[in-house]
Amino acid sequence: MNTPSLRLRARSGEKLLGVLLRMPNEELIEMSAVAGTDFVVVDGEHGPADGVALRQHIATAAAYGIASVVRVGEGDHGAILRALDQGAQGVLVPHLDTPADANITVQATHYPPVGRRGFATYNRAGRFGTVDRESHRARLSDETLLIGMIESPAGVAAVAEIATTRGIDGLMIGPSDLAAATGPHDVPVAEATRHVHRAVAEAGILRMDIVGTRDAASAAFSAGASIVVYNLTDVLMRSLSDVLSAPR
């Protein structure tokens, strides 16, 4: 398959739309691909972080020609390596609260000299050892997408430094966590959101938004998002609630 990677597509200015899936459910990946999604985010933070199921989900997405991104658990840097070795095109990393968090994440995600990610080709990403080592390393250095999540007042306060960390491709606000973490003496969520979006724009990196409706997706793109992901659980539950409310 010669389709450009998600990272290269986004960096070229393409607007990309995907779904966030809490596994296990490979058929939802297939259905999303048939419906026209650009990518799927497989959630290993709030969904089951089962390595075998994760690999199956990544392989299913690839079979349908769509990219996969894995949201790993907080501080689970080993999961970053495993997801990328299995062929995920990128990772979504929660709770970047400090520049140090951003740097550690970069180290886990990227090969030297940018990071310290372990190198291997005898995995699914390396086509089980059949690829040329140097071209494989160069390709993944160009194509691996790293999106961090800002989910706390501390992350909001440090966002300018986080956004300019070498190796961070983009940032996404975790709206539920940010709201839960924001106290009465913190910057209000709406103002914090604007601050993060300004920092992303000024740094010239990608902005990723999570939404629940088509109108919200359109508004996010219009406001500067390059990558928008639907919370598929929310979409499905609202659809089910709607159809099951039919008069009887």
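Scroll up a little and you will see the structure.
Predicted model, so just to flag it, every value in this text is computed and none were measured.

Caption draft 1: Quick look at the sheet that holds strand β5 (residues 145-150). One closed barrel holds the eight strands; their spatial order is β1-β2-β3-β4-β5-β6-β7-β8, and the pairing between them is parallel. Taking each pair of neighbouring strands and ignoring which way they run, the sheet shows an average axis angle of 25 degrees. As defined by bridge partners, strand β6 (residues 170-173) adjoins strand β7 (residues 206-211) across three bridges and the pair is classed as parallel. Within β7, the position partnered with L171 by the bridge is R207. With respect to the sheet, helix α3 (residues 51-63) is in contact with β1 (16-21), β2 (39-43) and β3 (67-71), its orientation differing from that of β3 by roughly 155 degrees. In this fold helix α12 (residues 232-243) packs onto β1 and β8 (227-231), with an angle of close to 45 degrees to the strand it touches most, β8.

Caption draft 2: Examining the packing of helix α2 (residues 26-35) against α3 more closely. One way to put it is that α2 packs onto α3 with a least axis distance of 9 Å and a crossing angle of 20 degrees. Taken together, the axes of α2 and α3 lie roughly parallel to each other. Here α2 runs over α3; the crossing is right-handed. Touching E26, I29 and E30 of α2 are Q56, H57, T60 and A61, all from α3. In terms of residue class, the contact of α2 with α3 is built from two nonpolar, three polar and two charged.

Caption draft 3: Up close: the pattern of salt bridges. For the coordinates displayed, the defined rule picks out 12 salt bridges. For R9, the salt bridge goes to D38, with nearest N and O atoms at 3.1 Å. In this pair, R9 sits in helix α1 (residues 6-11) while D38 sits in the loop between α2 and β2, placing the two residues 29 residues apart along the sequence. Assessed through its relative accessible area of 15%, R9 is described here as buried. For D38, a relative accessible area of 18% gives the class buried. For the salt bridge of R117 with D85, the shortest nitrogen-to-oxygen distance reads 3.4 Å.

Caption draft 4: Region of the structure containing the nonpolar core. If you look at the biggest cluster of nonpolar residues, it comprises 47 residues, and the most contacted ones within it are V40, V91 and L171. The residues contacting V91, other than those within four sequence positions of it, are V69, V70, V72, I80, A83, L84, T109, L145, L146 and I147. Counting residues in hydrophobic clusters, the runner-up holds 17 residues, among them L6, A67, V69 and L145.

Caption draft 5: Spatial organisation of the side chain of T109. Position of T109 among the secondary structure elements: in helix α5 (residues 99-109). Judged by its relative accessible area of 1%, T109 is buried. Apart from the residues lying within four places of it in its own chain, the contact partners of T109 are I80, L84, V91, R117, T144 and L146.

Caption draft 6: Fine view of helix α4 (residues 77-85). Regarding α4, the residues found buried are A79, I80, A83, L84 and D85. Residues of α4 that are buried in the fold lie against α3, β3, β4 (90-93) and α5.

Caption draft 7: Spatial organisation of the packing of aromatic side chains. The final tally for this structure, using the stated rule, is one aromatic pair. Measuring from centroid to centroid gives 5.2 Å for Y111 and F119, while their planes differ by 70 degrees, and the two rings are edge-to-face. Among the residues examined, Y111 registers a relative accessible area of 4% and is labelled buried. By relative accessible area, which is 29% here, F119 ends up partly exposed.

Caption draft 8: Highlighting the pairing of β2. With respect to burial, β2 is a largely interior element, five of its five residues being buried. In β2, alternate side chains face the same way, and those of F39, V41 and D43 on one face and V40 and V42 on the other are all buried. As defined by bridge partners, β1 adjoins β2 across four bridges and the pair is classed as parallel. The residue of β2 that forms the bridge with L20 is V41.

Caption draft 9: Fine view of unusual backbone geometry. Cis geometry is found at the peptide bond from P112 to P113, where omega equals 10 degrees. Structurally, P113 is set in the loop between α5 and α6 (133-143). Phi is positive for H95, close to 55 degrees, though the residue is something other than glycine.

Here is what the cut-offs are and how they apply
Residues numbered from 1 in each chain as written. Predicted model: local features only at pLDDT ≥ 70, side-chain atom pairs only at ≥ 80, totals over all residues. Heavy atoms only, no water. Pairing = 2+ DSSP bridges. Helix = DSSP H or I, 4+ residues; strand = E, 2+ residues; numbered from the N terminus. Axes fitted to C-alpha atoms, helices over the stretch in contact; angles between N-to-C directions. Contact = heavy atoms within 4.5 Å. Parallel < 35°, antiparallel > 145°, perpendicular 65-115°, else oblique. Left-handed = near helix turned anticlockwise from the far one by under 90°. Nonpolar A, V, L, I, M, F, W, Y, C, P; charged D, E, K, R; others polar. Salt bridge = Lys/Arg side-chain N within 4 Å of Asp/Glu carboxyl O. Buried < 20%, exposed > 50% of the residue type's maximum accessible area, 1.4 Å probe, protein only. Core = buried A, V, L, I, M, F, W, Y, C linked by side-chain atoms within 4.5 Å. Phe/Tyr/Trp six-rings, centres within 6.5 Å; stacked < 30°, edge-to-face > 60°.

All we've got here are geometric facts, nothing functional implied.
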